[in-house]
Each structure stands twice: as C-alpha cells, then as structure tokens.
Amino acid sequence: MRAAGGGLTVGVADLLRRPGQWREESLEALVDGLRVTGSEVPEGAPVHLDLRLESVNEGVVVKGTTAAPWVGECRRCLRPVEATLTAPILEVFEISPTEGETRSLLGTSIDLEPVAREAVLLELPLAPLCRDDCAGLCPQCGTDRNSTDCACPTDDVDPRWAGLNDLRFE
Ligand SMILES: [Zn+2]
Ligand SMILES: [Zn+2]
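Rules used in this analysis
Residues numbered from 1 in each chain as written. Chains lettered and ligands numbered in written order. Predicted model: local features only at pLDDT ≥ 70, side-chain atom pairs only at ≥ 80, totals over all residues. Heavy atoms only, no water. Donors = N, O, S within 2.8 Å, 3.2 Å for Na, K, Ca; no water. Helix = DSSP H or I, 4+ residues; strand = E, 2+ residues; numbered from the N terminus. Buried < 20%, exposed > 50% of the residue type's maximum accessible area, 1.4 Å probe, protein only. Tetrahedral: all angles 85-135°; square planar, octahedral: opposite > 155°, others 65-115°. Polar contact = N/O pair within 3.5 Å; in protein donor to acceptor, adjacent residues only side chain to side chain. Contact = heavy atoms within 4.5 Å.

Caption draft 1: Quick look at the coordination of the zinc ion (ligand 2). Distances from the zinc ion (ligand 2) to its protein donors, Cys138 (SG), Cys141 (SG), Cys150 (SG) and Cys152 (SG), fall at 2.3 Å. Here the donor residues for the zinc ion (ligand 2) map to a single chain with the spacing C-x2-C-x8-C-x1-C. With Cys138 in the loop between helix H2 (113–123) and helix H3 (159–169) and Cys150 in the loop between H2 and H3, this pair connects stretches of sequence that are 12 residues apart. With a relative accessible area of 3%, Cys138 lands in the buried category.

Shown next, in the form of structure tokens:
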C-alpha cells in the first residue's frame, strides 16, 4: 500500500515493454473536492484503489474497484449518515487515446486521480437515507418519527381541500 499524499500516478514502463504482462496495485491517496448535493468524502479521508493493471497493445487496461468513506445527512430525518462506498473501475490508457473512450498515457505513467474522482463522484448518494425505512420528521410538528410518535394526524391533506375546509368554517 502506497502512502497517502503520493498522488495516484503509477509507473507502467515494465508493463508497456511486455504485452500480456499484468500486476496488481493497491493505492491510497487524498483526492480533493469529492462532494455532491447530499454527501461528501470527508476532508483528510483517503480514497482506496484496488486494481489490476494489464498490458495490451500500446496501452494499459486498468480494472478493479475504488472505495471511499462518505458522510451526509438523511434526507428524511436529517440525522448524520456515514458509510463507505465502492465503485467499479474499468479504464484503458493508450499512447494514442480515442477521445471520450480511452485515456492518455503520461509517458510511461498513468494518472489514476481523475479515474478515482469520476468513479467516486458517480457513486456518492445525492439523497442519502439513514436506513431504507426511515420514518422521517413529522411535517407538522418536526418530531423525529423514528423515536417518538406525535399526535398529529397522519393522513396527508391535499392543501386545496384544506382550503375548502377553512371556507366552510367561516
Ligand atoms: Zn433518517
Ligand atoms: Zn407531529
């Protein structure tokens, strides 16, 4: 495991020399700006990569997974939520990359930071839940229905009909 802070640039000269050759890499580094609406990778928390690097004709195929811890707020009850995500990685680095499909080799190295960034950003939840059946907050009194039942009526009243009810009482 490489130390955090060393970045995610990996030398692949050995692989490029011999098509068919492969090796495994476990990497860990800090990646900035891993944040979406609803969740983020906390500052100082490293992203892990477990990859198999395989030499192909004039390129390297990178296959594996990335993992990162994330924190957020339950969209229903607003309690803090934290978990670890894992995301698949499959990328091809080539001397002559195809725009939008494969990535460019940096000489005899590959830069895995943009790969890790894209994979983690895609996997971060936009609207996390503390648990699938979170009961949420009462929309009327704000009580956390996971821990306490409030006395508010539970049926949802269509605001248009609520308006008609008001009229009748006048
Ligand atoms: Zn919740
Ligand atoms: Zn209530």
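What follows picks up the thread again.
Caption draft 2: Representation of the coordination of the zinc ion (ligand 1) within the structure. At this site the zinc ion (ligand 1) is bound by Cys74 (SG), Cys77 (SG), Cys130 (SG) and Cys134 (SG), with donor distances of 2.2 to 2.3 Å. Given 4 donor atoms and angles of 105 to 114° at the metal, the environment of the zinc ion (ligand 1) is assigned as tetrahedral. Within one chain, the residues donating to the zinc ion (ligand 1) are spaced in sequence as C-x2-C-x52-C-x3-C. In this pair, Cys77 is assigned in the loop between strand S6 (59–73) and strand S7 (80–94) and Cys130 in the loop between H2 and H3, connecting sequence segments 53 residues apart. Under the relative-accessibility criterion, Cys130 is labelled partly exposed at 29%.

Caption draft 3: Highlighting the side chain of Glu91. Mapped onto the elements of the fold, Glu91 is located in strand S7. In this structure the side chain of Glu91 is engaged in a polar contact, spanning 2.9 Å, whose partner is the side chain of Arg103. If we skip the residues at most four places from it in the chain, Glu91 touches Val60, Val61, Val62, Arg103 and Val115.

Caption draft 4: Region of interest: the environment of Arg75. Along the chain, Arg75 turns up in the loop between S6 and S7. Contacts of Arg75, omitting those with residues within four sequence positions, involve Ala127, Pro128 and Leu129. Within polar-contact distance, the side chain of Arg75 engages the backbone oxygen of Ala127 at 2.9 Å.

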